[in-house]
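# Reading the structure
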Amino acid sequence: MGGSVARRYAKAIFAIGEEKGNFEILGRQLNELADLWKDSPELRQTLENPVFKLSQKRAVLQSLMPRLAPARQVQSLALLLLERGRITTLPAIARAYEEMCDEKLGRVRARVLSAMPLDIASEAEIRKALERRTGKKVLMTTVVDPSLIGGVVTHVAGMVLDGSVASRLSNLKNRLLN
Amino acid sequence: MKFNLTTFALAALLALGAGVVHAQDDEPAAEKSAVDDTGSAADKAAARAARIARKRALFAARRAAMARAQIVVPAPAKPTIAPQAPAKPIPVDQAVPVDAEAPLDTLPAIAPVNEATAPAHEVAAAGPSHEGSAQPGAGHINHGEGDAEHLADHGEHAGFSAKTFALQLFNFGVLLFILIWFGGRAMNKSLRARHEQLKGDINEAARLRDEAAQKFKAQDQRVADLEKEVAALRATLRQDAEREQVRLLESAQERAKKIQDDMRFQLNQQVKEAELLLRAEVATASVKLAEELVRKSMNTDDERRLAQEFVAGFDGPVGSGGAVG
């Protein structure tokens, strides 16, 4: 439910940004605001606490807006979510907006997990391979996960490409058991 | 004579009536006794008359013998019809001793002592009545009177009278008519009923006898077949016991086989479980050992090589370079 609500809000603001031609800027500001929401528990407690009045919450949020999101559309969206008690959906709205932007710009985001940090050549090879596979520009982020033992696991466009040693050993164990 | 016939007829009629009454009561024994009573009543009357006559004759003979033995002769009695001569005394040596207990026919013949006695006898026998010639108080005359009565009775019995016989026949005919007229139907009816009853009783007795004979025969046959039945029963019981033994053995064998199968199945299952458990342990241990070895031997070159293999798998079919979710 939260996803559909967030998607409706994201679609609305994306339509405004697309109309104004600044949807990438709006998306970036929206991401920064979402990161602040995720990274600041004090802010979450203040805005979610019913002890504080709506005017007080609005005053707190308005004091942060000029620095984080100078765009008026993003400020209006944040205040609207606060008034309607849906400020908690802000991260989900930021992700949905990002997907809409990527879709608009022909991009795809990939998340690459590896047991050891990858060198630049390997990352470039993986990016190129993913771009060939998806046919879109790949925005790749890398994460180190020692539990993989070795190899690479990639999450891209709703798919999981698992080339880790851990998965191979798991398959080997299943074959031995069966 | 008339009195005797009437008495006899009345007695016979009463006896017959009593017999008829008893016959109507369906009492065969009573009917028989009634018939017997009828005959015995007539016989009794006749026997009684004969006994009285014998006693009288015996008494008269004794008196006559005693009179002949005595010397003293009583005063001469007046002759009824003709005068009698005075009796002469008989000497003692001429007296004949007489046994008082001897029967009449064994007594010696006595000659008339007194001439007046014989005529008196004859006169008395010819006279119409015994009572008219008797004179009380005269002993010899009394003897003569008893003899006369005795002779008179003998005369009546000895003589045959056609008239009397005709009267007797008539009386008998009347009696027979009365008996047939008044008692014939009832007697026939009772006799017929008795006949039917006896016939039915005989048939019932025959039927009961036949049934008893059949029952006896059946019982006898049953007793005769009892040993065969016992033998057959014993054989049947033996067969049943053998059959039951076979059935129990088969049942026990089936049960044992089923238990063996169950145990074998359980053992197989346990062996399989043990195999699976052992295989899992072996696989887990192997994978763990391999993981440790890989971790120890993994370096950047290996990581690069794995990344290249991963990238190479992108160009081929999905999953060739690794797992694809």
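Notes on the structure in this doc start here. Just so we're clear, the structure is a prediction, and the values are computed from it rather than from any experiment. (Residues numbered from 1 in each chain as written. Chains lettered and ligands numbered in written order. Predicted model: local features only at pLDDT ≥ 70, side-chain atom pairs only at ≥ 80, totals over all residues. Heavy atoms only, no water.)

## Description of the overall build of chain B
When helices and strands are counted, chain B shows 6 helices and 1 strand. The buried share among the 325 residues of chain B stands at 13%. Within chain B, contacts between residues separated by at least 24 positions form 60% of all contacts whose residues are at least 6 apart in sequence. (Helix = DSSP H or I, 4+ residues; strand = E, 2+ residues; numbered from the N terminus. Buried < 20%, exposed > 50% of the residue type's maximum accessible area, 1.4 Å probe, protein only. Contact = heavy atoms within 4.5 Å.)

## Some points on the pairing of strand E4 (residues 159-162) of chain A
Residues and elements named next belong to chain A. As defined by bridge partners, strand E3 (residues 152-156) adjoins E4 across 4 bridges and the pair is classed as antiparallel. Bridge pairing in E4 links valine 153 to aspartate 162. Remark: 2 residues form the turn of the hairpin made by E3 and E4, two consecutive strands paired antiparallel; alanine 157 in that turn has positive phi of roughly 50 degrees. (Pairing = 2+ DSSP bridges.)

## Focus on the interface of chain A and chain B
How big an interface is tends to be expressed through the accessible area that disappears when the partners come together. Facing the 31 residues of chain A at the interface are 30 residues of chain B. Together, the buried faces of chain A and chain B total about 2,600 Å²; carbon and sulfur atoms form 65% of this surface. Counting every contact that joins chain A to chain B gives 2 salt bridges. Between Arg168(A) and Glu309(B) there is a salt bridge; the shortest N-O distance is 3.7 Å. (Buried area = accessible area lost by both parts, 1.4 Å probe. Salt bridge = Lys/Arg side-chain N within 4 Å of Asp/Glu carboxyl O.)

## Here's the deal with the nonpolar core
Of all hydrophobic cores here, the largest spans 34 residues; its most connected members are Leu30(A), Val74(A), Ile93(A) and Tyr97(A). Counting residues per element, this core draws most heavily on helix H6 (residues 90-105) of chain A, at 7 residues. Setting aside residues up to four positions removed in sequence, Leu30(A) forms contacts with Val74(A), Leu77(A), Leu90(A), Ile93(A), Ala94(A) and Tyr97(A). Counting 16 residues, the second largest nonpolar core, distinct from the first, contains Val108(A), Leu118(A), Leu130(A) and Phe310(B). (Core = buried A, V, L, I, M, F, W, Y, C linked by side-chain atoms within 4.5 Å.)

Limitation: the analysis is restricted to geometry and does not speak to function.
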